[in-house]
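Coordinate analysis (summary)
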Amino acid sequence: MAARGGNDFQLVIPERGERVKICLGSTLIVSCHLSPAISAVDMEVTWYGGTACVCTYKTRKMTQGVDYEDRASLFIHGLMKGNVSLRVKDFRESDLGVYMCQVTSGNKTHQIKVNVAEEVSANLKDIFTVDYKRESTNEYHGDSDNQLE
């Protein structure tokens, strides 16, 4: 049995079925936290929108993907408490789709996906939702010596 290390955590999103409405031009927040609420300051955090990189936090520096320049960020001050939520300013229809949060600490990488979709309603135009349905969760171990046989 392997000893528990400082990089033992899970990615947590709001409860299944919880939905957050968002309008064009406003700020999209895709909530995601580490559990337990350990510091993510020294971890690598990357958010993807489809196959495109939205933003990456690595070695205490933030970089943004081309389509998200000056729009995407993390809550830097929240990283100490395990908050790895994504913030995208000036929300656009092109921002719709599946977002994946990937967090790497040491030799472990965790991933979780969240869907940002259009609200289908005759009364609501230009209203979109962050639909917290767990698309998938994966854990990878980069050190083959720790794999079970």
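Residues numbered from 1 in each chain as written. Predicted model: local features only at pLDDT ≥ 70, side-chain atom pairs only at ≥ 80, totals over all residues. Heavy atoms only, no water.

Quick look at the overall build of the chain
- Within the chain one finds 0 helices and 13 strands.
- Buried residues in the chain amount to 40% of all 149 residues.
- Restricting the contact set of the chain to residue pairs at least 6 apart, pairs at least 24 apart contribute 58%. (Helix = DSSP H or I, 4+ residues; strand = E, 2+ residues; numbered from the N terminus. Buried < 20%, exposed > 50% of the residue type's maximum accessible area, 1.4 Å probe, protein only. Contact = heavy atoms within 4.5 Å.)

Section: the sheet that holds strand 3 (residues 28–30)
- Reading across from one edge, 3-9-8 is the order of the 3 strands in this open sheet, with antiparallel pairing throughout. On the outer flanks of this sheet lie strand 3 and strand 8 (72–74), each paired with one strand and no other. Direction aside, the axes of adjacent strands within the sheet are offset by 20° on average.
- Where strand 8 and strand 9 (residues 86–88) come together, 3 bridges link them in antiparallel fashion. (Pairing = 2+ DSSP bridges. Axes fitted to C-alpha atoms, helices over the stretch in contact; angles between N-to-C directions.)

Digging into the pattern of salt bridges
- Within this structure, the stated rule accounts for 5 salt bridges.
- Between Asp 8 and Lys 108 there is a salt bridge; the shortest N-O distance is 2.5 Å. In this pair, Asp 8 sits in the segment before strand 1 (10–12) while Lys 108 sits in strand 11 (residues 108–118), placing the two residues 100 residues apart along the sequence.
- Residue Asp 8 is classed as buried on the basis of its relative accessible area of 15%.
- A salt bridge links Arg 92 to Asp 90, with the shortest nitrogen-to-oxygen separation between them at 3.4 Å.
- Of the residues examined, Asp 90 reaches a relative accessible area of 37% and is grouped as partly exposed. (Salt bridge = Lys/Arg side-chain N within 4 Å of Asp/Glu carboxyl O.)

Some words on the nonpolar core
- Leu 11, Leu 28, Trp 47, Val 84, Leu 86, Cys 101 and Val 103 are the most contacted members of the largest nonpolar core, which has 33 residues in total.
- At the level of elements, strand 3, strand 5 (44–49), strand 6 (52–58), strand 8, strand 9, strand 10 (97–105), strand 11 and strand 12 (127–131) are the ones that each hand at least two residues to this core.
- Setting aside its immediate chain neighbours within four residues, Val 103 contacts Phe 9, Leu 11, Leu 34, Met 43, Glu 44, Val 45, Val 84, Lys 108, Thr 109 and His 110. (Core = buried A, V, L, I, M, F, W, Y, C linked by side-chain atoms within 4.5 Å.)

What about the packing of aromatic side chains?
- Following the criterion strictly, the structure yields 0 aromatic pairs and no others.
- Positioned over the ring face of Phe 75 is Arg 87, at 4.1 Å from the centre of the ring. (Phe/Tyr/Trp six-rings, centres within 6.5 Å; stacked < 30°, edge-to-face > 60°. Lys NZ or Arg CZ within 6 Å of the ring centre and 35° of its normal.)

A word on the pairing of strand 11
- Along strand 11, 8 of the 11 residues are buried, which leaves the element largely enclosed by surrounding structure.
- Bridge count between strand 10 and strand 11: 9 bridges; the pairing is antiparallel. From the neighbouring strand, Ser 105 faces strand 11, where its bridge partner is Lys 108.
- The antiparallel hairpin formed by strand 10 and strand 11 contains 2 residues in its connecting segment, where Gly 106 sits at a positive phi of about 60°.

Considerations on the pairing of strand 10
- For strand 5 and strand 10, the ladder comprises 6 bridges, and the chain directions are antiparallel. Looking across to strand 10, one finds that Thr 46 is bridged to Gln 102.

Here we look at unusual backbone geometry
- A cis amide bond links Ser 35 with the next residue in sequence, Pro 36, at an omega value of 0°.
- For Pro 36, the position within the fold is in the loop between strand 4 (33–35) and strand 5.
- Of note in this structure, Thr 59 is not a glycine but carries a positive phi near 45°.
- Tracing the sequence through the fold places Thr 59 in the loop between strand 6 and strand 7 (61–64).

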